[in-house]
Each structure stands twice: as C-alpha cells, then as structure tokens.
Amino acid sequence: MEKKLMILPSLLAADYGCLAKEIRRAASAGADALHIDIMDPHFVPNISFGPDIVSLVRRVEPTLYRHVHLMMSRPDLYLQRFAEAGAQTIQVHVEADCDIHNALRHIRELGAKPAIVLNPETPVERILPYLSEADEVLVMTVHPGYGGQKFMGECLEKTRYLRKIAPHLDIMVDGGVNGETAVKAVENGVNMLVSGSFLFAKEDMRKAVEALRNRLETVKREGEKA
Ligand code: DX5
Ligand code: ZN
C-alpha cells in the first residue's frame, strides 16, 4: 500500500526565546505535522515540555497537526491531559511502566491516534502484540532524551522488517535525521520522518523541507519501481 511521505520538524530544536514564531515557521515551511517531545526525567535523563506547550501550538497555528511523543514512565496517567491540550497523535513507549494495550485503547477513546515507540536497544518483537492497536510505529534512531545526536543506522533493520510484515502501517524514525540519513530511512520502509536540529537550524526551513521532500519522493518512487 502506498504510504504518504511525511516530514515533522521537532519543536525540541526550536529557539525557546521565540517559540510562537518558531511554531509559525514550521507551519509555513509546509511541515505535515509538528513533533512535540514530552520528557520526564525518570524515563530519559532530561526534562522538556508539558501539556501547556501543546495548547500553545494549537493556539498559535490551529491547523498544524500536533504529534506528541511521550517519553514518560507513566504516560497512562497523563493521556487525558495531553488529549485535552490538543494532541492529535499520541505516541507511547513500549518500555513504559504501564499496561500498553490499555494506554493505546485509551488514546483512541480520547479521540487521538495511538502510536507505539521502541528504543534502539529494544527488540522489534516487543511491539508485535500492539501492532493491530496502533496507527503508527516510531522506531527511535537515537537514545531518547536529547536532540542533535548521531543517527543509529542499525535501527533500520527494524523498519525494513516492519514494512514487510505490516505494509499498511505508518513507520517513523526520530533522531539524527538529516538529508542523508532520511534517504536511508526511506529506502528501508520509513514514510514519516522527524527532524529537529537539521530543520530548525536552517535559515529557510521552507526551502529545506521542500528539498528534502523532493529528494525523498524520488527515492521512494525508485524503490517502488525496483
Ligand atoms: C529525542 C527526541 C527527538 C529529537 C530529535 O529524544 O525524541 O524528537 O527532537 O532531534 P534531532 O533531529 O536533532 O536528532
Ligand atoms: Zn521525539
């Protein structure tokens, strides 16, 4: 099945001194959605945003799709808060300390799209029991917690496998995505790409998103022909 290619700038890499302006910049760059990273310091060695930042995105750019990545030990306790704040897709980690089936079901009941995430060291088999309940799988290509890390190419074995067994699924990578690593990801079955530091560092984000999209569409078409 033909899966739409999507590019999602990650707000984590924005200039927090002018967040509203950065949100507008991502929207007018033609981003398919904005990726919003929520971290608790139990799950990762860092702290980022809370639900108020998700509402800020909704207020600043109501039509920009809000894609929320919960790097939390107990995401189950906060699903309603994030849904009410305007999260439209909610991603939970398979490594979280809660009942994942329940969490995915709850996200759907709240009117958002459920997605499942796995860390680089987690075997792909761990997410297989959840595939029928999730609209999307995120294969982390860095250890979560920080932007600006190096892409772990070995994780693409997982995306290749998932594309083979679940052609209908949206498959995403997050971490270290730039012009080169994005091509490798798409060659290995990925159709959704989160990119933080690479896109936000660009003076002209619109041009960068457009160039990336054109390049990836070509790679995808060539892959489909082969
Ligand atoms: C990392 C976050 C990513 C991060 C990616 O824990 O989940 O979304 O923003 O940043 P880059 O693209 O700079 O690796
Ligand atoms: Zn993320």
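Here the structure is shown first, and the text comes after it.
Residues numbered from 1 in each chain as written. Chains lettered and ligands numbered in written order. Predicted model: local features only at pLDDT ≥ 70, side-chain atom pairs only at ≥ 80, totals over all residues. Heavy atoms only, no water.

### A closer look at the environment of Thr 141
Here is the rule: Helix and strand assignments follow DSSP, with helices taken as H or I runs no shorter than four residues and strands as E runs no shorter than two, numbered in order from the N terminus. In what follows, residue pairs with any heavy atoms lying within 4.5 Å of each other are defined as contacts. Within 3.5 Å is the distance limit for a polar contact, defined as a pair of N or O atoms, with the added protein rule that one can donate a hydrogen and the other accept it, and that residues adjacent in sequence qualify only through two side-chain atoms.
Here Thr 141 shows up in the loop between strand 6 (136–140) and helix 5 (156–165). Sequence spacing of Thr 141 and Lys 184 is 43 residues, and the spatial spacing of their C-alpha atoms is 12 Å. Excluding residues that lie within four positions of it along the chain, Thr 141 makes contacts with Lys 150, Phe 151, Met 152, Cys 155, Val 173, Asp 174 and Gly 175. Reaching out from Thr 141, the side chain makes a polar contact with the backbone oxygen of Asp 174 at a distance of 2.9 Å.

### Digging into the coordination of the zinc ion (ligand 2)
Spelled out, the test is: Metal sites are built from N, O and S donor atoms within 2.8 Å, or 3.2 Å for Na, K and Ca, and they leave out water, so they may look incomplete. For a four-donor site, all angles between 85 and 135 degrees give tetrahedral; for four or six donors, opposite pairs above 155 degrees with the remaining angles between 65 and 115 give square planar or octahedral; all remaining cases count as irregular.
Protein coordination of the zinc ion (ligand 2) is provided by His 35 (NE2), Asp 37 (OD), His 69 (ND1) and Asp 174 (OD), with donor distances spanning 2.1 to 2.3 Å. One can describe the site at the zinc ion (ligand 2) as octahedral: its six donor atoms subtend angles covering 71 to 171° at the metal. Taken in chain order, the donor set of the zinc ion (ligand 2) reads H-x1-D-x31-H-x104-D. Taken together, the positions of Asp 37 in strand 2 (residues 34–39) and Asp 174 in strand 7 (residues 170–174) put the pair 137 residues apart, joining distant regions of the chain.

### Overview of the packing of aromatic side chains
Let me state the cut-off plainly: Pairs were defined over the aromatic rings of Phe, Tyr and Trp, the Trp ring being its six-membered one, requiring ring centres within 6.5 Å. Orientation was assigned from the angle between planes: stacked under 30 degrees, edge-to-face over 60, tilted for the rest. When accessible area is computed with a 1.4 Å probe and restricted to protein chains, residues below 20% of their type maximum are described as buried, those above 50% as exposed, and intermediate ones as partly exposed.
Applying the stated criterion to the full structure yields one aromatic pair. Centroid distance Tyr 16 to Phe 49: 5.5 Å. Interplanar angle 70°. Geometry classified as edge-to-face. With Tyr 16 in the loop between strand 1 (6–9) and helix 1 (19–28) and Phe 49 in the loop between strand 2 and helix 2 (51–60), this pair connects stretches of sequence that are 33 residues apart. Judged by its relative accessible area of 10%, Phe 49 is buried.

### Concerning the site of ligand 1
Defined as follows: Only heavy atoms are used to decide nearness, and a residue is near a molecule or strand if one of them lies within 4 Å of it. A 1.4 Å probe and the Shrake-Rupley method give the accessible areas. Residues count as covered only by the protein chains that appear here. Following the grouping adopted for this structure description, the nonpolar residues are Ala, Val, Leu, Ile, Met, Phe, Trp, Tyr, Cys and Pro, the charged ones are Asp, Glu, Lys and Arg, and the polar ones are all others, Gly among them.
Close to ligand 1 lie 19 residues; Ser 10, Asp 37, Gly 145, Asp 174 and Ser 197 are nearest. Measuring from an oxygen atom of ligand 1, one finds a side-chain N or O atom of Asp 37 at 2.7 Å. Backbone polar atom of Gly 196 to an oxygen atom of ligand 1: 2.7 Å apart, as the coordinates give it. In the complex, 99% of the free accessible area of ligand 1, which totals 380 Å², lies under the protein chains. When contributions to the shell around ligand 1 are tallied by element, the ones reaching two or more residues are strand 2, strand 3 (66–71) and strand 8 (192–195). Of the residues that constitute the shell around ligand 1, the class distribution is six nonpolar, 11 polar and two charged.

### Some thoughts on the packing of helix 1 against helix 2
Think of two packed helices as two axes; the pair is described by the angle between the axes and how far apart they sit. What counts, and what does not: Orientation is described by lines fitted to C-alpha atoms, with helices fitted over the stretch in contact, and by angles between N-to-C directions that extend from 0 to 180 degrees. An angle below 35 degrees is treated as roughly parallel, one above 145 as roughly antiparallel, one from 65 to 115 as roughly perpendicular, and anything else as oblique. Throughout, a crossing is termed right-handed when the near helix is turned clockwise from the far one, and left-handed when it is turned anticlockwise from it by less than a right angle.
At their nearest, the axes of helix 1 and helix 2 sit 10 Å apart, and the two run at 60° to each other. Overall, the two elements helix 1 and helix 2 adopt an arrangement that is oblique. Relative to helix 2, helix 1 is oriented so that their crossing is right-handed. Together, Leu 19, Ala 20, Ile 23 and Arg 24 of helix 1 and Ile 53, Leu 56, Val 57 and Val 60 of helix 2 make up the contact between the two elements. Looking at the contact of helix 1 with helix 2 residue by residue, the class counts come to seven nonpolar, no polar and one charged.

### Quick look at the sheet that holds strand 3
Defined as follows: Pairing between two strands requires that DSSP report at least two bridges joining them.
Reading across the sheet, the eight strands line up as 1-8-7-6-5-4-3-2 and stay open at both edges, with parallel pairing between neighbours. Because the sheet does not close on itself, it has two edges, and the strands there are strand 1 and strand 2. Strand-to-strand twist of the sheet, defined as the mean angle between neighbouring strand axes without regard to direction, takes the value 25°. In terms of strand pairing, strand 2 meets strand 3 through six bridges, oriented parallel. Across the sheet, the residue bridging to His 35 is His 67, located in strand 3. Relative to the sheet, helix 4 (residues 100–109) contacts strand 4 (89–93) and strand 5 (113–118), its axis offset from that of strand 5 by approximately 145°.

Nothing here speaks to function; it is geometry throughout.
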